[in-house]
Every structure is written in structure tokens, then in C-alpha cells.
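An overview of the molecular structure
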Amino acid sequence: MFRRSGGQCVATFAHDEVRVLRKVAAEVVGLLTDGMDHTDPVVSRLFPDIYPDKPEDSSEFRLYTEGDLMTAKIDQAGAILAALPDEGEGEVRLDGEAAEAWLRAINDARLAMGTRLDIQADTDLAEELDDAVLEDPGSSRVFQLSVYAYLGYLQESLLNALPEIK
């Protein structure tokens, strides 16, 4: 997927990949801009309590840091939207800074999806996907697990291309 070309990370995306990446990035932006609910497990995963045993201290810390962190997460998802072709297939070229923004945005998307899909550190993703396909090949869970796996592959390819351009 991503490869190094000169001082950039370069990938060519098919039409369906562009659509999926645009949808994922837009959903992250929507989650962060549509009034965050801290009781939502996804929001809690993206903005964890810094002091889990001290809710008041966590709340105060959040008061001073959450706005900037939320803006950074929105900007990072925006970096994906800005770099992708408007529609159809196309090539994406990322310098080191843009590649790092993509990595952070992909990570946020995977954290959100992993929380919704109940993916744990010890989850065997291939087995989870196989089970979902056996249960109902056309289910939204199959699609979501496939997107989650794809984002992991994309993230790994970008990580492998990134160190070479620094």
C-alpha cells in the first residue's frame, strides 16, 4: 500500500478505498463535533481519564486540555479528508508531517471501531472475522471488522514507509 518515494509516503487508492477512508474520517470528525458524551465508551477511549482514581482531578485536567486535544484529533482526521481524491481512485502523497497526522487519525478510528466492536488486546481478528462471516456474511459486523483490519494494514504500511523519509 504505502511506499516511500523520494521524501514522501505514496499510496494509490481504489474508488472503494477512498469512499471507506472518507467515511471513517468523517465519522471521527462527527463523533468529536456532535457534542461529546463522556459516558460513551468510544469517547472515554479517545479521551481517557488521566487520573482514574481521582475523578475530580481528571475533570479539572480535561477542562484545560480537552479542547486542544479534540481540535488536534479533528485536524488529523481532516488531513485524511484533504489528501484523498474528491471521488474515484487516486494517488495520495504525504510528507512526514501529513503521514504522522494520518497515523494518529487512523489510530483514533481504530480505537473507536475497536471499542464498538469489543476488540480486546487478545482478540484474534482473523478468527473474529471468520466467525462473523459464518454467522452472517452480509452483516454490518463483517463489514466493520473488515474495515478495522484494513485500517490496521494501512497503518502498518504507512509506519513502514515513514521512518525512511525522516
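Conventions adopted
- Once a new chain begins, its residue numbering starts again from 1 and follows that chain's sequence as written.
- Where totals are concerned, whole chains, interfaces and linings use all residues; where local detail is concerned, this predicted model gives features only for residues with pLDDT of at least 70, and gives and counts side-chain atom pairs only at 80 or more.
- In computing side-chain values, all of the structure's heavy atoms are included and hydrogens and water are not.
- Partly exposed residues are those whose accessible area sits between 20% and 50% of the maximum for their type, while under 20% is buried and over 50% is exposed, using a 1.4 Å probe and protein chains only.
- Only runs of H or I of at least four residues qualify as helices and only runs of E of at least two qualify as strands under DSSP, and these elements are numbered from the N terminus.
- Any two strands with at least two DSSP-identified bridges between them are counted as paired.
- For helices, the axis comes from a line fit to the C-alpha atoms of the stretch in contact; other axes are also lines fit to C-alpha atoms, and the angle between any two N-to-C directions lies between 0 and 180 degrees.
- Here roughly perpendicular refers to angles of 65 to 115 degrees, roughly parallel to angles under 35, roughly antiparallel to angles over 145, and oblique to all remaining angles.
- Here a crossing is taken to be left-handed if its near helix is turned anticlockwise relative to the far helix by less than a right angle, and right-handed if that turn runs clockwise.
- Whether two residues are in contact is decided by their heavy atoms, any of which lying within 4.5 Å being enough.

**Considerations on the pairing of strand E3 (residues 90–94)**
When a strand is regular, its side chains alternate between the sheet's two faces. Here E3 shows one buried face, formed by Gly90, Val92 and Leu94, and one open face, formed by Glu91 and Arg93. Relative to E3, strand E2 (residues 8–13) runs antiparallel, the two sharing five bridges. Bridge assignment links Phe13 to a residue of E3, and that residue is Gly90.

**A word on the sheet that holds E2**
Read across the open sheet, the three strands follow the order E1-E2-E3; overall the sheet is antiparallel. Each having just a single partner strand, strand E1 (3–5) and E3 make up the two edges of the open sheet. For this sheet, the mean angle separating the axes of adjacent strands, direction not counted, is 35 degrees.

**Description of the packing of helix H4 (residues 96–116) against helix H6 (residues 140–161)**
It is the contact of H4 with H6, at a shortest axis distance of 10 Å, that shows an interaxial angle of 155 degrees. By the angle between their axes, H4 is roughly antiparallel relative to H6. Pair H4 / H6 crosses with left-handed handedness. Contact residues: H4 offers Ala99, Trp102, Leu103, Ile106, Asn107, Ala109, Arg110, Met113 and Gly114, while H6 offers Gln144, Val147, Tyr148, Leu151, Gly152, Leu154, Gln155, Leu158 and Leu159.

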